[in-house]
Amino acid sequence: MVAEAVALGKVYGDGENAVVALSGVSAVFRRGEFTAVMGPSGSGKSTLMHCLAGLDAPTSGTARLGGTDLGALSDDALTALRRERVGFVFQSFNLLPTLTAWENITLPLALAGRRPDSAWTEQVIAAVGLGDRLDHRPAQLSGGQQQRGACARALVTRPEIVVADEPTGNLDSRSGARILELLRRCAREWEQTVLMVTHDPIAAGYADRVLFLADGALVDEMPEPTPERVLDRMRRFDSPAVGR
Amino acid sequence: MAVRAVVAQWSRFVLPLVGVVLGVAFVSGALLYGASVRAALDRAQPSGIVIEGAAMTPALAARIAEAPGVQSARLRSTGRAFLVGPDGGVVGPPEWAVGADHVGDTVRGHAPGGPGEVVIDDQTARRTGYDVGDVVRVIVGGVARDARVSGVVAADPMGGTFMAFDPATAHRLFGHTAIEVSGAPDTTALVPLLPEDAYIASNAAAGDGEKLTAILLGFAAVAVFVAVFTVANTFTMLAAARAREHALLRAVGAARRQVMRGVLAEAALLGAVATVLGHPLGIAAAWALNGLFGVGDGPPVPLRPFTPVPVVAAVAVGLGVTVAAAYLPARRAAAVPPIAALRTGLPPTTASSRTRTVGGAAATVLGSALLFSGSQDLVYLGAPLLFLGLVAMVPLLATALTALVRGPLTRIAGVRGTLAAENTRRNPRRTAATASALMTGLAICAAVTVPIASVAAKAQRDAETGDAADVRITPMDFATAAADLPARVAGLPGARAVTPIVPAVLDLGDDRVGVTGVDPTTIARLVPIRVTDGTLDLRRGMAVSTETAADTGWRVGSVASGDVAGAVVSLPVVAVYDAPDGFHHDALVDAAVLPEDRTPTTVLVQAEPGQADALKREITAALDNPTMLVRTRAEHRDAEGARFDPFLNILYALLSISVLIGALGVVNTMTMSTIERTREIGLLRAIGLGRRDVVTVLRLESVLIALLGTLTGLVAGGVVGVAVVLTQGGLPVVIPWGRLAGFVAVTTVIGLLAAQWPARRAARTHVLTAIGASE
Ligand SMILES: Nc1ncnc2c1ncn2[C@@H]1O[C@H](COP(=O)(O)OP(=O)(O)O)[C@@H](O)[C@H]1O
Ligand SMILES: [Mg+2]
């Protein structure tokens, strides 16, 4: 087990304005497992991911990463944890415009003051296919190349978990497929634990399992998903709305 | 709409506002203070007509009294008189210490009844605590004596330290120096009555008020110039931040003109607020200056803050300059194409334009050429040209220099260094505009520091007069030494040898030769003179330097005849000598042959070996006269070198306003840049940049900008300073590295402080909010 959510709850604001984003979500993430999180907009997917990655603090319950209780960590310790034990891929704006692709990819290592492990870094860069673009700045890269750069940066520290929030949300389907294949490959070949938020059934089809969230609660789990079965399951979220 | 836009973004306008407020305040303050000084000088103008000159005699007074319209003509005796305060020092500024014959009424006590009595003014009485009956120490003509205060008179409105003596004493001390005329005579009718060297006194100081105003306005102009950079930069940054908003306006049908007018209206509002705040601040500054540095040291003339000129100037600077500074950015903002509304991503960064760089380089080269052409007038043309050329090139310099420091910074500060260097160069124009504001103030600092350091170095070198004196006595500025000073010092047990240095001029009719009076018995021991011909026996005649001998053709045995201060003398040449370097005197004579009113400007004294300090203390105690400066050789050299420090410090104080406005510009740029880069900072925090690292990156960036401005400014100013020194033949070029390093240290601190607030804010931003922030 790499990461774990135990009765995770998150409430934004208080009193009348309180918004419940998560209400008692428990889940376990195993080593080398590629998990997709799905659910309607506002169901708490991002919040769950942020809590597990040390970006946000839950208001109740516990988030653990490799046995560390994130709630017990100071801001500095959380920063170090994100730097060394978590890899991030956001939907957009993943790379710093002033740095080259190489500098962006090795940024977490530079932040930690570590020298890149050259064999591993080369392997990652080869996997994302940016070997001939390393001197380029993000503005000179396509959207797909930028996201692949972000994936490489997420992998370069061999983190315990890679979290990706709708990594293909801004990409055309071909570029998106390349990212998803990459994420699947790093789970299968390198035993990299991956947690991906998406609302695209095709994207979810690349994962080993899918967690479904609704109104901040875990409502279903699907092993060995296919796009068709995921789409089916998603329709059932919508049907009550149709009936209303 | 402009009001709403400004109010909504007030935090972005605060710093440029402060800059313009300071500029307005500086201009208003300069005008008001200048006007007050002028009024004070006018007030100091004597009410009646005063005739001054060398030939003030009772006969002349009688003749003038006969002239039509003249009621009375009274001979007066006035001169320099110093009062020693309870602390042993001279009371008040020495240039305003005056003694005179007593006329008029006392407010307490009675008029001085004899040589042992003196009257002082009531301001001096208040300041020193002296009053009727006290015995005080008075110094006139280098002679200190005790006198009893017999009365107190009303202080002159100009202030100063005033002492009055009974007429006979005053006449003995000062001679007859002026004739005061009352009545309403036609002055043109008086002129024919006057002998050649007498004249009707005019208020020579009145022009000083104008000069002062002009100098202050010059420094105010620099501050305003710097504020222009800050304002223009703010509006440029705002235009970038609001490019989408403007594009949207254009997309829904707003004309370019309307967008531009909107931006200019904001500038006008900013300017109006700056005027309203700046003028009162200027009044306060002028009021403070008036209190601190009034004319003389009397109560200041009240300010008249709402006279037209300062008010109009405040509006012109506040409103006019702000709108003018915002004009170009407003035009650029209006030029945003409507399609930009649909684009995402950061605003495009403008690289430094080629024409700008080429033009800048041309101006720099031409400016340098003019500076070093050797003509003093061309320096005034070359300096601004060089400066503007460099300003145009700063974007290029910014790109080049940051590329240069990227590597070293990365090695020192890791990826934080890389990020800081990259941030500095990502928008070279913005960096350049910010740096240029600082550059302006520092360029002028350097441009004044280099010449003054050179002049000070020369003064220090000149202080090495080549003599062997261990202690020298010189009167302080505005004071004179007593004729018997050398004799008194010679009488002290610790003084081995004493000679006065008494300057005089021998007028030969067609030529003039400086003749310096010294003591014939000791001069050879105090100055290592090498006699090349004849014998150095000044009791028999004059010794001339080899240069003078060459110029005049005199040889041992020649006789020089001419007149020294009105007295005809005939001096045989007894020796020709080579003097040591620094001992610049044409000819030496026995001080006794010079007229009695020639007093020594220096007295050189030789001590027993190793006893210089003891001798200095002995002389100081014996003279008991604070107007005589008694210094050892080293003290003399240091004091000469430091003569210009107070002047330099006043210049720095005036320039500090400009540097402050420039520093505010750095804060402003750092604030705007961090707001623009909120998402980026969020991303960095997410992937593991610590809060303290965020602060470090922004501090480094800020320091880089500050140093860019400082270094270009110091180079520009230094070059101008050197050029100025070179036009003054005979001045050594001295680059004051220590002071320049001090400027760099100060601006480094400014850079660190400028990042303080933006960096704190950036470090505090919540990671998720930042990532979610729209670009
Ligand atoms: N910073 C916040 N303040 C208040 N409410 C928030 C905040 N972030 C998220 N929420 C709310 O929490 C709920 C879950 O949000 P989120 O996890 O972003 O959902 P998802 O990623 O599934 O769309 C939503 O109702 C959202 O409005
Ligand atoms: Mg989301």
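Residues numbered from 1 in each chain as written. Chains lettered and ligands numbered in written order. Predicted model: local features only at pLDDT ≥ 70, side-chain atom pairs only at ≥ 80, totals over all residues. Heavy atoms only, no water.

(A) Fine view of the overall build of chain B. Looking only at helices and strands, chain B has 24 helices and 22 strands in total. For chain B, with 775 residues in total, the buried portion stands at 49%. Long-range contacts, defined as pairs at least 24 residues apart, comprise 82% of the intrachain contacts of chain B with a sequence gap of at least 6. Carbon and sulfur atoms form 62% of the exposed surface of chain B, whose accessible area is close to 34,000 Å². Taken as two groups, the 63 positive and 60 negative side-chain charges of chain B have centres that lie 21 Å from each other. (Helix = DSSP H or I, 4+ residues; strand = E, 2+ residues; numbered from the N terminus. Buried < 20%, exposed > 50% of the residue type's maximum accessible area, 1.4 Å probe, protein only. Contact = heavy atoms within 4.5 Å. Areas by Shrake-Rupley, 256 points an atom, 1.4 Å probe, with all protein chains shown as cover. Lys, Arg positive; Asp, Glu negative; His and termini not counted. Charge placed at Lys NZ, Arg CZ, Asp CG, Glu CD.)

(B) Broad picture of the pairing of strand β21 (residues 602-607) of chain B. Residues and elements named next belong to chain B. Most of β21 sits out of view: six of its six residues are buried. Of the two faces of β21, the one carrying Thr-602, Leu-604 and Gln-606 and the one carrying Val-603, Val-605 and Ala-607 are both buried. Bridging between strand β13 (residues 471-475) and β21 involves three bridges; their strand directions are antiparallel. Among the inter-strand pairings, Arg-472 is bridged to a residue of β21, identified as Leu-604. Pairing geometry for strand β14 (residues 495-507) and β21, over six bridges, is antiparallel. Residue Val-498 lies in a different strand from β21, and its bridge partner there is Val-605. (Pairing = 2+ DSSP bridges.)

(C) Highlighting a negative patch on the surface. The grouping of Asp-510, Asp-511, Glu-547, Asp-551 and Asp-586 of chain B at the surface amounts to a negative patch. Locating Asp-511 of chain B in the fold gives a position in the loop between β14 and β15 (512-518). (Patch = residues over 30% accessible without salt bridge, like charges linked within 9 Å, V, L, I, M, F, W, Y side chains within 5 Å. Salt bridge = Lys/Arg side-chain N within 4 Å of Asp/Glu carboxyl O.)

(D) Structural view of the interface of chain A and chain B. The interface of chain A with chain B comprises 24 residues on the first partner and 24 residues on the second. Summed over both sides, the interface between chain A and chain B buries roughly 2,200 Å², with carbon and sulfur atoms accounting for 64% of that surface. Taken as a group, Phe-93, Thr-98 and Leu-111 of chain A account for 26% of the area that chain A buries against chain B, more than any other trio of residues on that side. For the side of chain A that touches chain B, the secondary structure elements donating two or more residues are α2 (75-85) and α4 (107-112) of chain A. Among the elements that take part in the side of chain A that touches chain B, α2 of chain A stands out by supplying five residues, more than any other. (Buried area = accessible area lost by both parts, 1.4 Å probe.)

(E) Layout of the side chain of Thr-128 of chain B. All names here are of chain B. Structurally, Thr-128 can be placed in helix α4 (residues 122-128). By relative accessible area, which is 10% here, Thr-128 ends up buried. Polar contacts involving the side chain of Thr-128 include one to the main-chain amide nitrogen of Tyr-130, which spans 3.2 Å. Once residues within four sequence positions are removed from consideration, Thr-128 is found in contact with Pro-86 and Val-91. (Polar contact = N/O pair within 3.5 Å; in protein donor to acceptor, adjacent residues only side chain to side chain.)

(F) Representation of the sheet that holds strand β1 (residues 3-12) of chain A. All names here are of chain A. Across the sheet, which stays open at both edges, the four strands sit in the order β2-β1-β4-β5 with antiparallel pairing between neighbours. On the outer flanks of this sheet lie β2 (19-29) and β5 (68-69), each paired with one strand and no other. Bridge count between β1 and β2: seven bridges; the pairing is antiparallel. For Leu-8, the partnering residue across the bridge sits in β2 and is Val-25. Helix-sheet contacts for helix α1 (residues 45-52) involve β1, β2 and β4 (60-65), and the interaxial angle to β1 is about 120°. (Axes fitted to C-alpha atoms, helices over the stretch in contact; angles between N-to-C directions.)

(G) Representation of the environment of Phe-372 of chain B within the structure. All names here are of chain B. Tracing the chain through its elements places Phe-372 in the loop between α11 (354-371) and α12 (376-413). You can call Phe-372 partly exposed: its relative accessible area is 42%. In sequence terms Phe-372 and Gly-382 are ten residues apart; their C-alpha atoms lie 8.6 Å from each other.

(H) Structural context of the domain arrangement of chain B. If you check the domain split of chain B, you get domain 1 (1-45 + 203-348), domain 2 (49-202), domain 3 (367-464 + 641-775) and domain 4 (480-626). On a C-alpha basis, the centres of domain 3 of chain B and domain 4 of chain B stand 53 Å from each other. (Domains from an automatic or database assignment.)

(I) Representation of helix α23 (residues 737-764) of chain B in the model. All names here are of chain B. Its 28 residues place the ends of α23 40 Å apart at the C-alpha level, agreeing with the 40 Å of an ideal helix rising 1.5 Å per residue. When the local axis directions of α23 are compared, the greatest deviation, roughly 40°, occurs at Gln-756, which is followed within four positions by the proline Pro-758. Every buried residue of α23 is listed here: Leu-740, Phe-743, Thr-747, Ile-750, Gly-751, Ala-754, Ala-755, Pro-758, Ala-759, Ala-762 and Ala-763. Tucked inside the fold, the buried residues of α23 contact α14 (428-463), α20 (645-676), α21 (678-686) and α22 (691-727). (Expected span 1.5 Å × (residues − 1). Bend = angle between axes of the 7 residues up to and from the residue.)

(J) Quick look at the packing of aromatic side chains. All told, the structure shown has seven aromatic pairs over all chains when counted by the stated rule. Ring plane angle 90° and centroid distance 5.5 Å describe the contact between Tyr-652 of chain B and Phe-743 of chain B, whose orientation is recorded as edge-to-face. With Tyr-652 of chain B in helix α20 and Phe-743 of chain B in helix α23, the pair connects residues that are 91 residues apart, well separated along the chain. Clustering of aromatic rings is evident, with ring pairs tying together Phe-225, Phe-229 and Phe-387 of chain B. The ring of Trp-120 of chain A carries the charged tip of Arg-158 of chain A above its face, separated from the ring centre by 4.2 Å. (Phe/Tyr/Trp six-rings, centres within 6.5 Å; stacked < 30°, edge-to-face > 60°. Lys NZ or Arg CZ within 6 Å of the ring centre and 35° of its normal.)

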